[in-house]
Amino acid sequence: MPKPTQLIVASYNIHKGVGTDRRRDLLRTAKVIAEVGADVMAIQEADKRFGDRAGLLDLTHLRETAGLIPIPINGLRAAAHGWHGNLILVREAEVRDVHHITLPGLEPRGALMTEMEVNGHPLRVVAAHFGLLHLSRRQQVRALLDKMHDIDTIPTLLMGDLNEWRIGSRSSLVNFDKHFTAAAFGHSFPAHRPMLPLDRIMIGPKGKLSDCEVHDTPLARVASDHLPVKARLMLGGAGGTP
């Protein structure tokens, strides 16, 4: 049986590299990603939205400065880095399978789902960017749950900009409550004066999150309209996988 392991996991909507000063500066974005120090990171808005949907990040620079590489995604447009702008970066993992999911709703939205092994532990990571409309988000929750039939047996980490600030029965994410424990974060949007908890990290029964926080630094406050969120994930041991 593999020894318990801990990972820093994070989610960051980079706003296509455009900061609160309205400048596009991808080197600044990369510095924030390196600041976070994640082992697994979900990125939203990593590609241009129109035209060839070209990827915006310098992936070689990210590998050199943050030690992170993107999971491979087959069948994408040649210039794109992610799926509907969703990208998953990992430090050390053996990727077994990757699925790109088109989410329902009035806006074009998607999610990435990958199964990997980290230090001998299986881990499923789902990275998503939900829509702006309440009804669309409810449909998107249902679509993701339909893709994950074995949440209770495989450690499943869900991260992304879920565009929801409500809690309880009024939240469009309420159906996640049956399957996931959400990390308790402060506000991550807008970055210059955070007021809403739009960015989320959740874990299924086979795993445990701790040390949950918004990554709030002077550079992060200007690099995007969202602040990154991060947490420590325990796999194995008490509260982790068997």
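Below or above, wherever it landed, is the structure these notes cover.

## Considerations on the layout of surface pockets
- Of the voids in this model, the second largest pocket is the one considered here, and its volume is about 280 Å³.
- Along the wall of the second largest pocket there are 18 residues; nearest its centre are Ile167, Asp177, Ala182, Arg200 and Met202.
- Looking at which element gives the most residues to the lining of the second largest pocket, the answer is strand S10 (residues 199–203), with 3 residues.
- Here the residues of the lining of the second largest pocket are counted per class, giving 11 nonpolar, 3 polar and 4 charged.

## Here's the deal with the sheet that holds strand S11 (residues 208–214)
- Pairing is mixed in the open sheet, where 6 strands are placed in the order S3-S4-S2-S1-S12-S11. Strands with a single pairing partner mark the edges of an open sheet, and in this sheet they are strand S3 (69–70) and S11.
- In this structure, strand S2 (residues 40–44) lies alongside strand S4 (residues 87–90), joined through 4 bridges in antiparallel fashion. Along S4, the bridge assignment pairs Ile43 with Leu87.
- Strand contacts of helix H1 (residues 26–36): strand S1 (5–13), S2 and strand S12 (229–235), with the helix running at about 155° to S1, the strand carrying the most contacts.

## A closer look at the nonpolar core
- Grouped together as the largest cluster of nonpolar side chains are 51 residues, with contacts concentrated most on Val9, Leu157 and Ile201.
- Among residues more than four places away in sequence, those in contact with Leu157 are Val9, Leu123, Arg124, Val125, Val126, Ile201, Met202, Ile203, Leu209 and Leu233.

## Brief notes about the packing of H1 against helix H2 (residues 59–66)
- In the contact formed by H1 and H2, the axes pass within 10 Å of each other and the chain directions differ by 35°. Viewed along their axes, H1 and H2 form a crossing whose handedness is right-handed. Between H1, through Leu27, Ala30, Ile33 and Ala34, and H2, the contact on the second element is made entirely by His61, Leu62, Thr65 and Ala66.
- A per-class count over the contact of H1 with H2 returns 6 nonpolar, 2 polar and no charged.

## Some remarks on the packing of aromatic side chains
- Inspection of the entire model under this criterion finds 2 aromatic pairs.
- With a centroid separation of 6.3 Å and 25° between ring planes, the pair formed by Phe130 and Phe176 is classed as stacked. Pair noted here: Phe130 is in the loop between strand S7 (121–129) and helix H3 (134–147) and Phe176 is in the loop between strand S8 (156–161) and strand S9 (181–182), with a separation of 46 residues, a long-range link. Each member of the pair Phe130 and Phe176 is classed as buried.
- A centroid spacing of 5.5 Å and a plane angle of 80° characterise the contact between Phe176 and Phe180, whose relative ring orientation is edge-to-face. As far as the burial class goes, Phe176 and Phe180 line up, both buried.
- Counting every residue linked through ring pairs, the aromatic cluster contains Phe130, Phe176 and Phe180.

## Concerning the sheet that holds strand S5 (residues 94–103)
- Read across the open sheet, the 6 strands follow the order S5-S6-S7-S8-S10-S9; overall the sheet is mixed. In this open sheet, the two strands that pair with only one neighbour each are S5 and S9.
- Running over the sheet, H3 touches S5, strand S6 (109–118), S7 and S8 and is turned about 145° from S5.

## Some details on the pattern of salt bridges
- The full count for this structure, using the stated rule, is 13 salt bridges.
- Put simply, Arg91 and Asp39 hold a salt bridge, and the shortest N to O gap is 3.1 Å. Placement of the pair is Arg91 in the loop between S4 and S5 and Asp39 in the loop between H1 and S2, with a sequence separation of 52 residues.
- The exposure class assigned to Arg91 is partly exposed, which follows from its relative accessible area of 31%.
- Look at Asp39 and you get buried, because its relative accessible area is 19%.
- Here Arg137 ties to Glu164 by a salt bridge, and the two come within 3.3 Å at their closest N and O atoms. In this pair, Arg137 sits in helix H3 while Glu164 sits in the loop between S8 and S9, placing the two residues 27 residues apart along the sequence. Like Glu164, Arg137 is buried.

Analysis parameters
Residues numbered from 1 in each chain as written. Predicted model: local features only at pLDDT ≥ 70, side-chain atom pairs only at ≥ 80, totals over all residues. Heavy atoms only, no water. 1 Å grid on protein atoms, 1.4 Å probe; cavity = no way out; pocket = protein on both sides within 12 Å on 5 of 7 lines; lining within 4 Å. Points joined across faces, edges and corners; volume = space filled by probe spheres on them. Helix = DSSP H or I, 4+ residues; strand = E, 2+ residues; numbered from the N terminus. Nonpolar A, V, L, I, M, F, W, Y, C, P; charged D, E, K, R; others polar. Pairing = 2+ DSSP bridges. Contact = heavy atoms within 4.5 Å. Axes fitted to C-alpha atoms, helices over the stretch in contact; angles between N-to-C directions. Core = buried A, V, L, I, M, F, W, Y, C linked by side-chain atoms within 4.5 Å. Buried < 20%, exposed > 50% of the residue type's maximum accessible area, 1.4 Å probe, protein only. Left-handed = near helix turned anticlockwise from the far one by under 90°. Phe/Tyr/Trp six-rings, centres within 6.5 Å; stacked < 30°, edge-to-face > 60°. Salt bridge = Lys/Arg side-chain N within 4 Å of Asp/Glu carboxyl O.

Don't take any of this as a statement about function, it's just geometry.
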